[in-house]
Amino acid sequence: MISKYIHSLIQYGIRENLIDKADTIYVRDRLLHLLHEDEYSECDEVEDDLVKCLEGLCKCAIQKGLIEDTIAHKDLFDTELMDCLTPMPSIVQKTFFSLKEESAKKATDYYYDFSQKTNYIRKYRIVKDKKWQVETEFGKLDITINLSKPEKDPKAIAEEGKAVMVNYPKCQLCIENEGYAGRMNHPARGNHRLIPLTLANEEWYLQYSPYVYYNEHCIVLNAKHVPMKMERATFRKLLDFVEEFPHYFIGSNADLPIVGGSILSHEHFQGGRHTFAMEVAKVEKKWIFKGYEDVEAGIVKWPMSVIRLRSEDKKKIEDLSTKILERWRNYSDPTCDIYAYTEDEPHNTITPICRMKDGKYEMDLVLRNNRTTNEHPLGIFHPHSKLHHIKKENIGLIEVMGLAVLPGRLAKEMEILEEALVNQYSENEYDESIQKHIPWAKEIASHYSITQDNTKDILKKEIGMVFMEVLKDAGVYKRNEQGLDGFVRFLENINEE
């Protein structure tokens, strides 16, 4: 059986152009070594399904006592198997840049396809995510319930807790992950290959997210393990990237806790080829910035507070973005509950998103503030407590643009809630796992005629409405007269010398 799966894996590698037919014996011997197998029998039977092939080899490894029967152990092992088929970084880079001479799109098409063929992007898990769109006053918001990250079983959690803490790689974004075998508390990246870039005269790298929350979800990371920082150079790097890859957008999480992403310790951006609702949102109030009269600018119709800049002049976008950032860093407006500092602690920053549109550079600057109070200990401009039953986590770059990444628990909870709504359960009949949804469920029941046929769609729509409210909570200027007046005051402040 081992011979069948080894033969099948090699045939897969040849078929997908990961290895050459001339590599057959070399790859076979490497696989035999990993499986502690001394014998090999020639066979003609082939398992064409990569996932089934890897599962078969993992099962053999478990039977031999080489690995434990847990997702964590199997992920580490099957990545090591795929590493035997994955070309060296120099070969991948040479192919990428050869294609890039023809077009940037051809190069990224190759690299994205390659990242799936090597099983670095586990497509069979990604398809488990639940995805839909909800029409709102701000356009179609994307909703995703994340089911692609496997749940850790108790045994794996216990092993992870006992694992020796090491400082290599320093984090999951470091370039030292390329080819890293992994450990119980760090994913294997033997089948991971990076593409070098130069942004603002600095060494950076391109890779794809293994979780792919949207089409061609890429990560662009600094070669050095340095913290996130919002400054002039940030805008220059974003602009350099879209100039080189005009078919991709790119954005950066903010550089402060609460309003930043999950990894603040390593400077990185996220991009890809996906049209978010924010991108197609219109400018609802045009604005002219003094000294930048030829830069198209204005306030975007979006639940968060967004300034959009457009120009063919790359340097002017960089300069004006920097001016807005520097002015916002120190700007306070008590009437809108905005304070730049609490003693020496800074609160104001920006989430920028950059793209090329119709031959022009386009920069969206989302104003952020991470101040907390006793009433809102997780953040004033953060999802408020009444929405935490759906979304409690930080609102990072992806959410800012209009894609909700919701926790996996919601999939099961919505199934249970659907049953409760259809059967008109009383409060004491609600399952413990959905008690937190009761006020929301009551509101839904009062607005709809619930049936077996429509409940699922109603819940999907209402989750989208909750996400819209989440984004409104994260907006520093609320979408009312007082908020608009405050937004305009800030824009006027930028025009003052």
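Parameters at a glance
- Residues numbered from 1 in each chain as written.
- Predicted model: local features only at pLDDT ≥ 70, side-chain atom pairs only at ≥ 80, totals over all residues.
- Heavy atoms only, no water.
- Phe/Tyr/Trp six-rings, centres within 6.5 Å; stacked < 30°, edge-to-face > 60°.
- Helix = DSSP H or I, 4+ residues; strand = E, 2+ residues; numbered from the N terminus.
- Buried < 20%, exposed > 50% of the residue type's maximum accessible area, 1.4 Å probe, protein only.
- Disulfide = S-S within 2.5 Å.
- Salt bridge = Lys/Arg side-chain N within 4 Å of Asp/Glu carboxyl O.
- Contact = heavy atoms within 4.5 Å.
- Expected span 1.5 Å × (residues − 1).
- Pairing = 2+ DSSP bridges.
- Axes fitted to C-alpha atoms, helices over the stretch in contact; angles between N-to-C directions.
- Core = buried A, V, L, I, M, F, W, Y, C linked by side-chain atoms within 4.5 Å.

1. Digging into the packing of aromatic side chains
Phase 1 of the analysis: Under the counting rule described, the total for this entry stands at 18 aromatic pairs.
Phase 2 of the analysis: Summarising the aromatic geometry, the rings of W328 and Y331 are spaced 6.2 Å apart at their centres and angled 25° between planes, so their arrangement reads as stacked.
Phase 3 of the analysis: Judged by centre distance (5.1 Å) and plane angle (75°), the rings of W328 and F490 are edge-to-face. With W328 in helix α11 (residues 314-329) and F490 in helix α16 (residues 481-495), this residue pair connects regions lying 162 residues apart in the sequence. Take W328 and F490: they sit in the same class, and that class is buried.

2. Regarding the state of the cysteines
Note on terminology: a disulfide is the covalent bond linking the sulfur atoms of two cysteines.
Phase 1 of the analysis: Evaluated as defined, the whole model comprises zero disulfides.
Phase 2 of the analysis: Here C58 stays free of any disulfide, with the sulfur of C60 as its closest cysteine sulfur at 9.2 Å.
Phase 3 of the analysis: As a non-bridged cysteine, C171 has C174 as the owner of its nearest cysteine sulfur, 3.8 Å distant.

3. Focus on the pattern of salt bridges
Side chains that carry opposite charge are capable of pairing whenever their charged atoms lie near each other.
Phase 1 of the analysis: Enumeration over the complete set of coordinates arrives at 48 salt bridges.
Phase 2 of the analysis: When the shortest N-O distance is used, the salt bridge between K456 and E418 registers 3.3 Å. With K456 in helix α15 (residues 455-474) and E418 in helix α13 (residues 409-422), this pair connects stretches of sequence that are 38 residues apart.
Phase 3 of the analysis: Owing to a relative accessible area of 45%, K456 belongs among the partly exposed residues under this scheme.
Phase 4 of the analysis: The exposure class assigned to E418 is buried, which follows from its relative accessible area of 12%.
Phase 5 of the analysis: Salt-bridge contacts for E427 lead to K442; the nearest nitrogen and oxygen are separated by 2.3 Å. Placement of E427 in the loop between α13 and α14 (438-447) and of K442 in helix α14 is noted, with a sequence separation of 15 residues between them.
Phase 6 of the analysis: According to the relative accessible area criterion, E427 is partly exposed, its value standing at 43%.

4. Remarks on the environment of E462
Phase 1 of the analysis: Residue position: E462 is located in helix α15.
Phase 2 of the analysis: Along the backbone, E462 and A441 are 21 residues apart, and their C-alpha atoms lie at a distance of 9.9 Å.
Phase 3 of the analysis: Apart from residues no more than four positions distant in its own chain, E462 is found in contact with W440, I444 and Y448.

5. Quick notes on helix α6 (residues 104-117)
Phase 1 of the analysis: The end-to-end C-alpha distance of α6 is 20 Å, a good match for the 20 Å that 14 residues give at a rise of 1.5 Å each.
Phase 2 of the analysis: Of the positions making up α6, those classed as buried are A104, A107, T108, Y111, Y112, F114, S115, Q116 and K117.
Phase 3 of the analysis: A positive backbone phi angle near 70° is found at N119, which sits one or two residues after α6.

6. Re the sheet that holds strand β1 (residues 130-136)
Phase 1 of the analysis: As summarised here, the arrangement of the three strands in space is β1-β2-β15, forming an open sheet in which the pairing is mixed. Looking at which strands have only one partner, the edges of the open sheet turn out to be β1 and β15 (403-406). Within this sheet the neighbouring strands show an average axis-to-axis angle of 20°, counted without direction.
Phase 2 of the analysis: As paired strands, β1 and strand β2 (residues 139-145) are joined by seven bridges and run antiparallel to one another. Within β2, the residue paired with K130 across the bridge is I145.
Phase 3 of the analysis: Seen against the sheet, α15 touches β1, β2 and β15 and runs at an angle of roughly 70° to β1.

7. Points about the nonpolar core
Phase 1 of the analysis: Ranked by internal contacts, the top residues of the largest apolar core, which has 87 residues, are F241 and F289.
Phase 2 of the analysis: A per-element tally of this core places helix α3 (residues 50-63) first, with seven residues.
Phase 3 of the analysis: Filtering out sequence-adjacent residues up to four positions away, F289 remains in contact with A297, I307, L309, L320, I324, L491, I494 and N495.
Phase 4 of the analysis: Grouped together as the second largest cluster of nonpolar side chains are 51 residues, W132, L403, V405 and Y430 included.

8. Looking at unusual backbone geometry
Phi is mostly negative for residues that are not glycine, and the peptide bonds are mostly trans.
Phase 1 of the analysis: Omega for the bond connecting Y168 with P169 falls within 30 degrees of zero, at -15°, which places this linkage in the cis form.
Phase 2 of the analysis: Tracing the chain through its elements places P169 in the loop between α8 (154-162) and β3 (195-199).
Phase 3 of the analysis: Positive phi is not limited to glycine here, since H36 has a value of about 50°.
Phase 4 of the analysis: Tracing the backbone shows H36 in the loop between α2 (24-34) and α3.
Phase 5 of the analysis: What makes H36 exposed here is its relative accessible area of 53%.
Phase 6 of the analysis: Its identity as a non-glycine residue notwithstanding, N201 has a phi of 65°, on the positive side.
Phase 7 of the analysis: The residue N201 is located in the loop between β3 and β4 (202-208) in this model.
Phase 8 of the analysis: The exposure class of N201 is exposed, given its relative accessible area of 78%.

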